[in-house]
Amino acid sequence: MKMSRFILVGIIFGITLYKAEAVSWYRIFEMFHFQSFHMYGIIFSAVSAGVIIVQLIKKGRIKASDGNPIQINNKDLSIPRYLIGGFIFGLGWALAGVCPGPMFILLGSGVTVLIVFLSAAMFGTFLYGVLRDRLPH
Amino acid sequence: MPQFLIDIRDIISQPWPWWIAGPMIAFIMFLLLFWGKEFGISANFRVMCAADGADDYASFFKFDWASQGWNLLVALGAMFGGYVAAHYFTDPGENVAGISAATVATLSELGHEVSEGNVPIVPEFYSWPSLFTIQGFIIIVIGGFLVGFGARYAGGCTSGHAISGLSALQLPSLLAVVGFFLGGLAMVHLIFPILF
């Protein structure tokens with residue numbers, strides 16, 4: 001089944017972040033205190049490998065599974081949207097110690113209370129959708 | 001179980017160093033690009049809102065959310081992955097976060113005592129009883145709200161901006177990541193001393 005490959009990717013993602021302790025509130029706390037290279041190492045090595053992959057794609061060296069060129073869309077440039085939105089996200093990331101990926105991973109590992117976090121995050125997304133036209137972008 | 005499977009299990013069960021985890025995440029991003037998709041977990045919140053009928057309230061939720069089912073499957077897989085990692089690839093008593101001694105000391109200054117070498121992956125305030133304390137409520141409910149609101153406002157979270165966006169050398173993603181860190185630093189340095 002073609003859709004099951006996405007579940008498999010998710011499983012690899014979940015095991016990776018769990019075993020690298022990136023799902024831990026303590027690791028996020030440590031990162032924002034600059035007391036360990038661990039989280040920075042994960043991000044820097046992921047982005048370094050990612051830059052190489054994207055460059056190979058842009059040069060046409062890697063094609064999509066269907067044989068077509070892979071499209072990587074540029075994001076629209078604006079300043080307030082990314083800085084203000086990012087700041088709000090960062091407040092929540094440091095406070096809760098999880099971002100959306102680790103939230104799903106920990107929820108699956110048995111931390112059932114995070115269903116409340118998920119509901120709150122959906123409510124936050126909903127409120128953003130409602131207020132969107134009134135917020136600076 | 002055959003010996004080689006036990007060996008594989010033992011290798012996976014060790015804590016993974018950053019230089020394994022980072023390239024693995026890049027590989028996941030690559031697989032999704034290869035299949036014509038874009039790595040970004042928080043987009044699922046929008047899909048879940050739309051599927052729950054939020055399109056009646058805001059045009060932001062009027063989109064072809066059914067075409068995003070693949071991303072929900074990634075999130076579902078991440079849940080399975082978390083289950084497998086915690087139950088099959090973590091030895092009893094080894095479910096710890098190997099944070100630095102300096103961090104243990106900083107936590108202690110805040111009044112949050114943990115013993116070095118024995119810091120749990122999951123803090124005690126991730127629990128149902130703690131949800132009914134002011135601290136636990138703020139962490140889980142307000143934290144969740146800020147993550148959901150901020151991720152959509154910024155157009156992505158750690159996976160969409162810090163990994164996918166920076167890999168594609170997108171300036172907007174760099175701005176978002178700067179925002180993530182400014183927000184995170186403000187939280188741990190200005191608000192945690194009050195909250196803990």
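Residues numbered from 1 in each chain as written. Chains lettered and ligands numbered in written order. Predicted model: local features only at pLDDT ≥ 70, side-chain atom pairs only at ≥ 80, totals over all residues. Heavy atoms only, no water.

Caption draft 1: Geometry of the packing of helix α3 (residues 38-58) of chain A against helix α8 (residues 158-167) of chain B. Direction vectors running N to C along α3 of chain A and α8 of chain B enclose 40 degrees, while the axes themselves pass 7 Å from each other. Accordingly, the angle class assigned to the pair α3 of chain A and α8 of chain B is oblique. Contacts from Ala46, Val47, Gly50, Val51 and Val54 of chain A in α3 of chain A reach Ala162, Ile163, Leu166 and Ser167 of chain B in α8 of chain B. Partitioning the contact of α3 of chain A with α8 of chain B into residue classes produces seven nonpolar, two polar and no charged. (Axes fitted to C-alpha atoms, helices over the stretch in contact; angles between N-to-C directions. Helix = DSSP H or I, 4+ residues; strand = E, 2+ residues; numbered from the N terminus. Parallel < 35°, antiparallel > 145°, perpendicular 65-115°, else oblique. Contact = heavy atoms within 4.5 Å. Nonpolar A, V, L, I, M, F, W, Y, C, P; charged D, E, K, R; others polar.)

Caption draft 2: The arrangement of the confidence of the model for chain B in detail. Per-residue pLDDT for chain B has a mean of 95; in total, 100% of the residues score no lower than 70. Overall fold confidence for the complex sits at a pTM of 0.96, while the interface term, ipTM, reaches 0.96. (pLDDT = per-residue confidence, 0-100.)

Caption draft 3: Structural context of the interface of chain A and chain B. Listed by partner, the interface residues are 110 residues for chain A and 130 residues for chain B. Both sides of the chain A and chain B interface together cover about 10400 Å² of buried area, and 79% of this is carbon and sulfur. Together, Lys19, Tyr26 and Leu95 of chain A form the three largest contributors to the area buried by chain A at its contact with chain B, with a combined 8%. Remark: the boundary between chain A and chain B carries one salt bridge. Taking the shortest distance from any N to any O, the salt bridge between Lys75 of chain A and Glu38 of chain B comes out at 3.9 Å. Here chain A is connected to chain B by 30 residue pairs in polar contact (both at pLDDT 80 or more). Where the side of chain A that touches chain B is concerned, the elements lending two or more residues are α1 (4-19), α2 (25-32), α3, α4 (80-96), α5 (100-109) and α6 (114-131) of chain A. The greatest single-element share of the side of chain A that touches chain B, amounting to 17 residues, is contributed by α6 of chain A. Class assignment for the residues of the side of chain A that touches chain B results in 71 nonpolar, 28 polar and 11 charged. (Buried area = accessible area lost by both parts, 1.4 Å probe. Salt bridge = Lys/Arg side-chain N within 4 Å of Asp/Glu carboxyl O. Polar contact = N/O pair within 3.5 Å; in protein donor to acceptor, adjacent residues only side chain to side chain.)

Caption draft 4: View of the pattern of salt bridges. On inspection of all chains with the given rule, the structure shows five salt bridges over all chains. Note that Arg27 of chain A and Glu21 of chain A form a salt bridge whose closest N and O atoms lie 2.8 Å from each other. Assigned by exposure class, Arg27 of chain A and Glu21 of chain A land together as buried. Between Asp10 of chain B and Arg9 of chain B there is a salt bridge whose closest N-O contact spans 3.3 Å. (Buried < 20%, exposed > 50% of the residue type's maximum accessible area, 1.4 Å probe, protein only.)

Caption draft 5: Fine view of α8 of chain B. In terms of residue burial, α8 of chain B counts as a mostly covered element, since 10 of its 10 residues are buried. Elements in contact with the buried residues of α8 of chain B: α3 and α4 of chain A together with α2 (18-34), α7 (134-154) and α9 (171-195) of chain B. Leu169 of chain B sits one or two residues past α8 of chain B and shows a positive phi near 55 degrees.

Caption draft 6: Structural view of the packing of aromatic side chains. Enumeration over the complete set of coordinates arrives at 34 aromatic pairs over all chains. Centroid distance Phe37 of chain A to Trp18 of chain B: 5.2 Å. Interplanar angle 85 degrees. Geometry classified as edge-to-face. Of this pair, Phe37 of chain A sits in the loop between α2 and α3 while Trp18 of chain B is found in helix α2, placing the two residues in two different chains. The class for Phe37 of chain A is partly exposed, based on a relative accessible area of 44%. For the pair Tyr83 of chain B and Tyr88 of chain B, a centre-to-centre distance of 6.2 Å together with 65 degrees between the ring planes defines the contact as edge-to-face. (Phe/Tyr/Trp six-rings, centres within 6.5 Å; stacked < 30°, edge-to-face > 60°.)

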